[in-house]
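One-letter residues, chain by chain:
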Amino acid sequence: MYKIILAMRYLLRRRITYFAVLAVALCVFIVVVVMTVMTGLVDDFKQKNHDFVGDCVVGSESLVGFAYYEDFVKELEGAEFVEAVSEVIKGYALLSPRGRDVNRGVEIMGIDPVRHSRATGFASTLYYRKDDVSRAFEPSYDPNLPGCVLGIDLASQRDANSHYSYQASPSRVGFAVTFFPLTARGALAGAGAGLVNTKTFYYSDLSQSGLARVDSSLVYLPFKEAQLLCGMAGPVKRVNAIHIKFKPAVGLKAGCDAVALLWNKFKEQKAGENQAYLLDTVTVQSWKSYRRMLIAAMEKEQTMMTVMFGFVGIVTVFIVLVVFYMLINHKSKDIGVLRSIGASAADIIGLFCGFAFLVGLIGSLIGLLGGWLFLLRINRLEDWLFEHFGYQVWDRTMFAIGDIPSQVSPRVLAVIAFSAIAACLIGALVPSWQAIRLKPVETLQVNQL
Amino acid sequence: MSERDIILKSEGVYKSYRMGVTRVKVLKGLDLAVERGEFAAIVGASGSGKSTLLHILGALDKPDKGIVQFEGRDLGRQSGRELNRFRNRMVGFVFQFYHLLDELSVLENVFLPAMASRSILGWFGCRKWAKNRAGELLEQLGLAERAMHKPYQLSGGERQRVAIARALMNEPRLLLADEPTGNLDSATGNGILDVLEKLNTAGQTIVMVTHDERIAARARRIITLADGRIKS
């Protein structure tokens, strides 16, 4: 009991310990803010990728795609663990507004909007047809015209506050989309005749996925039209990918393993077919694996930040070590007195570790509270800074970030607080060890006073 | 002096310290016996090893060679845990410079030894008793009004009386006092000696170290330490 009382008194009556508490609080504050923002960005980015892809993708990197997909889609739709399936045509095309001689390269995705919305978060990215996705490709000004859904950055520009300007309904704009159809062998279909497939689609909706590259270069087109224009609607039809959503109870790995099993069986069944060779290029990947190039970069940044803030933790350890070293030198007489009344070496370590625990606990609580309050107001603060000084953490005209993530994760907070307390205990360990090595006789000598 | 009456005994105790490159021999085969209920004063010149001897007798330090027995038990054969218990229960220390803990009140300083020997639960079980006992000791020593003060708010004599109360908290069988009046004026020092005399009259065994023959004269037995041995 005396250890608790003394630890608390040392904490309250020794000003130097305030600095230790302050150092811990500052470190915790910084780590909470940075880790919350970073974790929020990474989680948000992952979620957006998950929404864009669905749970699993069976697809080929080749622009030629693969055949016999209809049979495999039937198998998937019959599988217990599959919730929804969407066949997708992927390719590249030139997009030029009608009446103008300019064009730009874009990625195209041919989808059935209803099926794709069931398998992915497509519907929620739309602006005009969010509630009736079946009409995503029907321009409101003339439903009979073939529609296209543009990535939002192709049709609108963000202002400095990351806000887009929307019209009440899409304006009548036609885009000539030029495709480069490929044969099943990868040759340009109609090569030699100079043939490319060009068709005009009319702007029917916007898609805002929150993924910068997708929003700035992707055009969604009706599945059948895209298949035809890409040269994949021959006698043996082809697609580039099948996006799959699993039932809620199915784990990602289990689901992907089951799909891979189905795919391998399917491939064996089709081994004797004409275009069976195309199936060799197909892989089964989870959404994480499918988007790993992008996600890995973010995760790497997060890991680097964690390592950097690990160094902040080491600084905390060092500050606590110095404070405790000074305190124990100052309190050597107390150690001698305690030993003279029967306190053991373990009691002395317990006393200073208890003290370190209190420093860590109080510092962590102050840091967590400060961090939480700061995060609650971080977006307002950034708005104020932008309004008065034109400063933004991320330039919204360049980064597809809305608000700065400020959702505090209890797990992250717990880990940070635990680490801070552990850092304090580590910092206190060496001076405590030094304290118990002091001979009571030496500490009680007159010249120690 | 029968063996049964002896509470503390040392035989052939040697102790030396390293001072720079030389080794200073402080105690050179010291033999000593203290009877139960005795008030013994160890006198000697400065640097004669009085305090060293007291620390060895109270198990705060270990001899290089020799035996120290308390109630027939060899302290050199006791484990660290047993020595901690010995210092907590069997012996009470009074130091020249009081050595009170500044962070604690007078009352807390007094019941500190009772707290030190108990777990948190054990302490809650005996807290009332310990506070009462500490209060009684302070009252006996004329410090009842000072219980809630901090050590730095007391005079030297008052601090030394608090130190005596702390030493007596666990009703030790032996009180070891290292120059208890060394830091006090004559009148205050006499007051402390009166307290020690009273305690001894009540049956408390006391071993006091002093360099002052006049103070030693207040004890019932004077032991002179010279050249690392007891001078008979």
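Just so we're clear, the structure is a prediction, and the values are computed from it rather than from any experiment.

What counts and how
- Residues numbered from 1 in each chain as written.
- Chains lettered and ligands numbered in written order.
- Predicted model: local features only at pLDDT ≥ 70, side-chain atom pairs only at ≥ 80, totals over all residues.
- Contact = placed C-beta atoms within 7 Å.
- Helix = DSSP H or I, 4+ residues; strand = E, 2+ residues; numbered from the N terminus.
- Nonpolar A, V, L, I, M, F, W, Y, C, P; charged D, E, K, R; others polar.
- Buried ≥ 20, exposed ≤ 12 C-beta atoms within 10 Å, placed from the backbone.
- Arc of directions from axis to C-beta.
- Pairing = 2+ DSSP bridges.
- Axes fitted to C-alpha atoms, helices over the stretch in contact; angles between N-to-C directions.
- Parallel < 35°, antiparallel > 145°, perpendicular 65-115°, else oblique.
- Left-handed = near helix turned anticlockwise from the far one by under 90°.
- Core = buried A, V, L, I, M, F, W, Y, C linked by C-beta atoms within 7 Å.

Colleague: Talk me through the interface of chain A and chain B; I want residue IDs and the actual numbers.
Modeller: At the interface, 20 residues of chain A touch 23 residues of chain B. Put simply, the parts of the chain that give the side of chain A that touches chain B at least two residues each are helix H1 (2-13), helix H12 (332-340) and helix H16 (440-443) of chain A. Split by residue class, the side of chain A that touches chain B holds 13 nonpolar, 3 polar and 4 charged.

Colleague: Can you break down helix H3 (residues 69-78) of chain A residue by residue, with the values?
Modeller: Residue and element names in this part refer to chain A. Of all the residues in H3, the buried ones are Tyr-69, Phe-72 and Leu-76. Across the axial projection of H3, the buried residues extend over an arc of 65°, all falling on one side. In this structure, H3 carries Glu-70, Asp-71, Lys-74, Glu-77 and Gly-78 as exposed residues pointing more than 90 degrees from its buried face.

Colleague: Requested: an account of the sheet that holds strand E5 (residues 73-74) of chain B, with residues and values cited.
Modeller: Through backbone hydrogen bonds, the strands of a sheet pair up, either in parallel or in antiparallel fashion. Residue and element names in this part refer to chain B. The strand order across the open sheet formed by 4 strands is E2-E1-E4-E5, and the pairing between neighbours is antiparallel. The outermost strands of the open sheet, each flanked by one partner alone, are strand E2 (22-35) and E5. As paired elements, strand E4 (residues 65-70) and E5 share 2 bridges and run antiparallel to each other. Looking at the pairing, Phe-70 lines up with Arg-73 of E5. Sheet contacts for helix H1 (residues 50-57): strand E1 (6-19), E2 and E4; angle to E1, the most-contacted strand, approximately 125°.

Colleague: Can you lay out the packing of helix H5 (residues 156-168) of chain B against helix H6 (residues 186-201) of chain B for me, pointing to particular residues and giving the numbers?
Modeller: Residue and element names in this part refer to chain B. Relative orientation of the contacting elements H5 and H6 amounts to 20°, with a least axis distance of 9 Å. As far as their axial angle goes, H6 and H5 are roughly parallel. The element H5 and its partner H6 pack so that their crossing is right-handed. Residues Gly-156, Gly-157, Gln-160, Arg-161 and Ile-164 of H5 form the contact with H6, whose own contacting residues are Thr-188, Gly-191, Ile-192 and Val-195. Residues of the contact of H5 with H6, tallied by class, amount to 3 nonpolar, 5 polar and 1 charged.

Colleague: Talk me through the nonpolar core; I want residue IDs and the actual numbers.
Modeller: Ranked by size, the top nonpolar core spans 117 residues in total, and within it Val24(A), Val28(A), Val320(A), Val110(B), Ala165(B) and Val207(B) carry the most contacts. The dominant element in this core, judged by the number of residues it contributes, is helix H2 (residues 15-53) of chain A, at 12 residues. Sequence-distant contacts of Ala165(B), that is, excluding residues within four places in its chain, are made with Val110(B), Ala134(B), Leu137(B), Leu138(B) and Leu141(B). Judged by nonpolar contacts, the second largest core, of 66 residues, contains Ala84(A), Ala119(A), Leu206(A) and Ala241(A).

Colleague: How would you sum up the sheet that holds strand E9 (residues 221-226) of chain B? Please name residues and give values.
Modeller: Residue and element names in this part refer to chain B. Taken together, 6 strands build an open sheet; the order of strands is E6-E7-E8-E3-E9-E10 and the sheet is mixed. Edge strands, defined here as strands with exactly one partner in the open sheet, are strand E6 (91-94) and strand E10 (229-231). Looking at each pair of strands side by side, their axes are set apart by 25° on average, direction ignored. In this sheet, strand E8 (residues 205-210) lies alongside strand E3 (residues 39-44) in parallel orientation, the contact comprising 5 bridges. Bridging from a neighbouring strand, Ala-40 pairs with Val-207 of E8. Those strands touched by H1 are E3, strand E7 (174-178), E8 and E9, and its axis lies near 155° from that of E8. Against the sheet, H5 makes contact with E6 and E7, and its axis sits at roughly 170° relative to E6, the strand it touches most.

Colleague: An account of unusual backbone geometry is requested, with residue identities and associated values reported.
Modeller: A positive phi angle, near 65°, is found at Tyr98(B), a position not held by glycine. Positive phi outside glycine occurs at Glu171(B), with the angle close to 50°.

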